[in-house]
Amino acid sequence: MKPRHLLTMLLGSAVFSTAAFAQEIVQLDTVVLEAESDETLDQDGYIAYSGRQAMRIDTPIARLPQAVSVITQDQLEDQAPRTMLEALNYTASATPGNFGFDSRYDSFYLRGFPAYQTGVFRDGLRSFNGLSAWYRNDPYTLEGVAVLKGPASSMFGVSTPGGLVNVVSKRPKDTPYHETRLSYGSYSRVEAAVDFTGPLDPEGDTLYRFVALARDADTFIDGYADDRVLLAPSISFRIGDDQRLLLTAEYAKDRTGAVAYFHFADDLDVTDEPAGDPDYNRFDQEQFRIGYEYTWDISDDTQLRQSYRWTKVRADMRYATRSGTYPDLVPSYWQRYHETAKSHVLDLMVEHHAQTGDFDHTFAIGADYLRGEYDADYGGTALGQAANEALDVPFYAWRKQSQTGVYIADQIERDALTISASARYDWVDTDYSDYNFYTGAIDSGSQKDEAFTARLGVSYEFENGVTPYVNVASSFAPNVAQVFDDVSDLSGSPADPTEALQKEIGVKYQLPDQRTVVTAAYYDIRQDNGMSLVVGGDGRNRGLQYDLTSRGYELEAMSNLENGVSLIASYAHMDVEINEGAPGTKGKQLSGVPDDTLSLFVKYEPQQGALQDLAVMGGMRYIGRSYGNDTNTIENASRTYFDLGLSYDFAAFGYDGTQLQLNVKNLFDREGQTCTGDWCYRDEPRMIDLSLSRRF
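Chemist: Describe in detail the overall build of the protein chain, supporting the description with residues and values.
Modeler: Per the secondary structure count, the protein chain includes five helices and 43 strands. Rg of the C-alpha trace for the protein chain: 25 Å, near the compact-globule value of 26 Å for 696 residues, within the 12% margin. Contacts in the protein chain between residues far apart in sequence, at least 24 positions, make up 66% of those at least 6 positions apart. Accessible area of the protein chain: about 28500 Å², with a carbon and sulfur share of 55%. Distance between charge centroids for the protein chain: 3 Å, based on 60 positive and 104 negative side chains.

Structural data, given as structure tokens:
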């Protein structure tokens, strides 16, 4: 189904529901309708109070001895992010803009480490990504985003040293909730979405949720589309008094551009000419997700949970890159790329509550399994578009990977003291084949990696609400490639898995009225046997060992005040030093990591008077200086962006639940750019979005 066809259907649905509402509104009392289920993440406004995203067990976030940031449902609704990258814009130590504007991938960094390859989880299950076939998590399908800072392998297995993002899917609710939303924005952006949930029977034993979205859009990059069709149904069954089964699915089809960067010359100033050919720049992707969650309350103290997810992503790129002297750029090389990535992920866990003397224990004992694979073909020609379309695309790369892990955790509480301990052992088997551009041969082999990871944290909550904490945690991720001495080295050796150790101290403060939470953390992360892929003079990717030390501190505050003011504030200072890397990089700063980031987002809703249905929102994002390469010969200037939001509920006119919202990103249309790894990218100019939504 084409985006415009589904768009028409959703528009009709929205108009019909609004008309029906206009006839019935006078008979209804004013109620607050919320999209979040609060089933696995308890939240209110901009503050999340507890969840199972960090420890796999429900835990008060204020007492958790670990830095955790949560983007709540209200924050997602107010800021209206189009991608998960935009959702991370106001999170401390998250840098989602290292590659400029790019709607194709969720390519973000956490605490200075790239976290996009193994750092994305959904409802506790890891997303397996191929080379370019990455599963895209749409913010409209989520009711929260939990950002775990620092190593988390002791509970989640293979992941990155900087942390991970654990997104929370919208789940069926036992109270009816319906939303229709229409939006129009810059660059002919038209989008329609619906979100319906509630019980299917009078007893509430069967619940459903249906989320759908259709978008037809261009972008500021000439020839680069941003179209999407998405369907995400789910249904939940109560099986007796103590068991429940949740079935979930999702289908999405996207069309974007294959080339998102702009032409830049030797002076590294990014021009306004796309590097891709506007007439031949297409990236089509289809993705599928099917899964279930089963819970069994074995007793008042014991619960068994099992979850499973199957995903498949198909990527198809057809594009040409342009070269020449600006502005006279012409296509010079045409390319094709196909990839299919599939994965199965299964987790089985038992949560048990017990008491030993004066100590309360919450145990989590479990095992998980992941099997993922991808198969990629790539080829190109200098003979033109027709020759590229007729190309028999040759083999490029293939992977099959299985990961088995067993874990145990114990959260111990005694009065104000919390001790959180977890340990895990992982076995990872990988079979691989890669095309060797240097020899023309296929390099194949297999690799086995295994590791023990652990975390120990302690916190103490004083009577005044101040909770200091400390933790030590480790992480592990295999490297399926060879490591070379430098880019000219022709014979490498098998790479050891990347391991990291973090030491963190921090403090959390929750005001007595629970309307304000302030957190601060200082961390030191040492990564050993890291790897970065660098292209050699022969066009062959070479893995170079990159050992890093990341040190920094971060501050965050979230408030929901009684006077109608809500805010999110964050500051982070990061220092990522290369201990071992490419020649000339030892002792240098890792490219693309800003030394300082600062953000503030404020929302004000008058509580009475003529403007009580109006909300005014404003945000500021500061990205400090960074280096554009690992030899630190390129320096990126700092840049600051401002965002604006307005919303109005038509309750005073008898249309309670109907809301008009305006979001403007990069309000002053600042032209910004950044360089990472000797490559330069352009930030998105001003983006305006106007939406009309209806909740009933």
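Chemist: Got a sec to walk through the pattern of salt bridges? Specific residues and values, please.
Modeler: Here the structure, examined in full by the defined rule, presents 47 salt bridges. Across the pair Asp195 and Arg209 runs a salt bridge, and its minimum N-O distance is 2.8 Å. One end of the pair, Asp195, is in strand E13 (residues 189–199); the other, Arg209, is in strand E14 (residues 206–216), with 14 residues separating them in the sequence. Take Arg209: its relative accessible area is 2%, and that puts it in the buried class. Of the charged contacts in the structure, one is a salt bridge between Arg289 and Glu250, with a shortest N-O distance of 2.8 Å.

Chemist: Can you tell me about the nonpolar core, naming the residues and giving the values?
Modeler: Judged by nonpolar contacts, the single largest core of 39 residues is most densely connected at Phe283, Met317, Tyr546, Leu548, Leu590 and Val593. The set of elements that each furnish at least two residues to this core consists of strand E20 (302–325), strand E21 (328–356), strand E22 (359–381), strand E30 (516–528) and strand E34 (565–580). With four residues, the single largest contributor to this core is E20. If sequence neighbours within four positions are ignored, Tyr546 has contacts with Gln527, Gly530, Met531, Ser532, Ile578, Glu580, Gly581, Ala582, Thr585, Leu590 and Asp630. If you look at the next biggest cluster of nonpolar residues, it comprises 21 residues, including Leu148, Met155, Met349 and Tyr407.

Chemist: For the pairing of strand E26 (residues 466–477), give the residues involved together with the corresponding values.
Modeler: Across a regular strand the side chains alternate sides, sitting on one face of the sheet and then on the other. In this sheet, E26 lies alongside strand E25 (residues 442–460) in antiparallel orientation, the contact comprising five bridges. Each residue of the ladder has a partner; that of Leu456, found in E26, is Val472. Here E25 folds back onto E26, and the loop between the two strands holds five residues, one of which, Gly465, carries a positive phi near 95 degrees. Inspection of the sheet shows E26 paired to strand E29 (residues 498–510) by twelve bridges, in the antiparallel sense. The partner of Ala477 across the bridge, within E29, is Thr498.

Chemist: Tell me about the state of the cysteines, and name the residues and values.
Modeler: This model, assessed by the stated rule, comprises one disulfide. There is a disulfide in this structure between Cys675 and Cys680, and the S-S distance comes to 2.0 Å. Between Cys675 and Cys680 the disulfide shows an S-S torsion of about 95 degrees. By sign, it is right-handed. With respect to class, Cys675 is no different from Cys680; both count as buried.

Chemist: Can you tell me about a negative patch on the surface, naming the residues and giving the values?
Modeler: A cluster of acidic residues, Asp241, Asp242, Asp297, Asp300 and Asp301, forms a negative patch on the protein surface. As for its position among the elements, Asp241 is in the loop between strand E15 (227–239) and strand E16 (243–256). Taking relative accessible area as the criterion, Asp241 reaches 83% and is therefore assigned exposed.

Chemist: I'd like to hear about the packing of aromatic side chains, residue by residue, with values.
Modeler: One pass over the full model with this rule turns up 26 aromatic pairs. A centroid spacing of 6.1 Å and a plane angle of 45 degrees characterise the contact between Tyr553 and Tyr571, whose relative ring orientation is tilted. Of this pair, Tyr553 sits in strand E33 (residues 547–560) while Tyr571 sits in strand E34, placing them 18 residues apart in sequence. By relative accessible area, Tyr553 is classed as partly exposed at 37%. Connected via pairs of aromatic rings, a cluster forms that spans Phe99, Tyr105, Tyr109, Tyr116, Trp134, Phe283 and Tyr681. Note that Arg414 overlies the ring of Phe359, its terminal NZ or CZ placed 5.3 Å from the centroid.

Chemist: Tell me about the sheet that holds strand E6 (residues 109–110), and name the residues and values.
Modeler: Strand order in the open sheet made by the three strands is E5-E6-E7, with antiparallel pairing throughout. Where the open sheet ends on each side, the last strands, each with one partner, are strand E5 (94–95) and strand E7 (113–114). Pairing of E5 with E6, which is carried by two bridges, proceeds in the antiparallel orientation. Of the residues in E6, the one forming a bridge with Ala94 is Leu110.

Here is what the cut-offs are and how they apply
- Residues numbered from 1 in each chain as written.
- Predicted model: local features only at pLDDT ≥ 70, side-chain atom pairs only at ≥ 80, totals over all residues.
- Heavy atoms only, no water.
- Helix = DSSP H or I, 4+ residues; strand = E, 2+ residues; numbered from the N terminus.
- Rg over C-alpha atoms; globule rule 2.2 N^0.38 Å.
- Contact = heavy atoms within 4.5 Å.
- Areas by Shrake-Rupley, 256 points an atom, 1.4 Å probe, with all protein chains shown as cover.
- Lys, Arg positive; Asp, Glu negative; His and termini not counted.
- Charge placed at Lys NZ, Arg CZ, Asp CG, Glu CD.
- Salt bridge = Lys/Arg side-chain N within 4 Å of Asp/Glu carboxyl O.
- Buried < 20%, exposed > 50% of the residue type's maximum accessible area, 1.4 Å probe, protein only.
- Core = buried A, V, L, I, M, F, W, Y, C linked by side-chain atoms within 4.5 Å.
- Pairing = 2+ DSSP bridges.
- Disulfide = S-S within 2.5 Å.
- Patch = residues over 30% accessible without salt bridge, like charges linked within 9 Å, V, L, I, M, F, W, Y side chains within 5 Å.
- Phe/Tyr/Trp six-rings, centres within 6.5 Å; stacked < 30°, edge-to-face > 60°.
- Lys NZ or Arg CZ within 6 Å of the ring centre and 35° of its normal.

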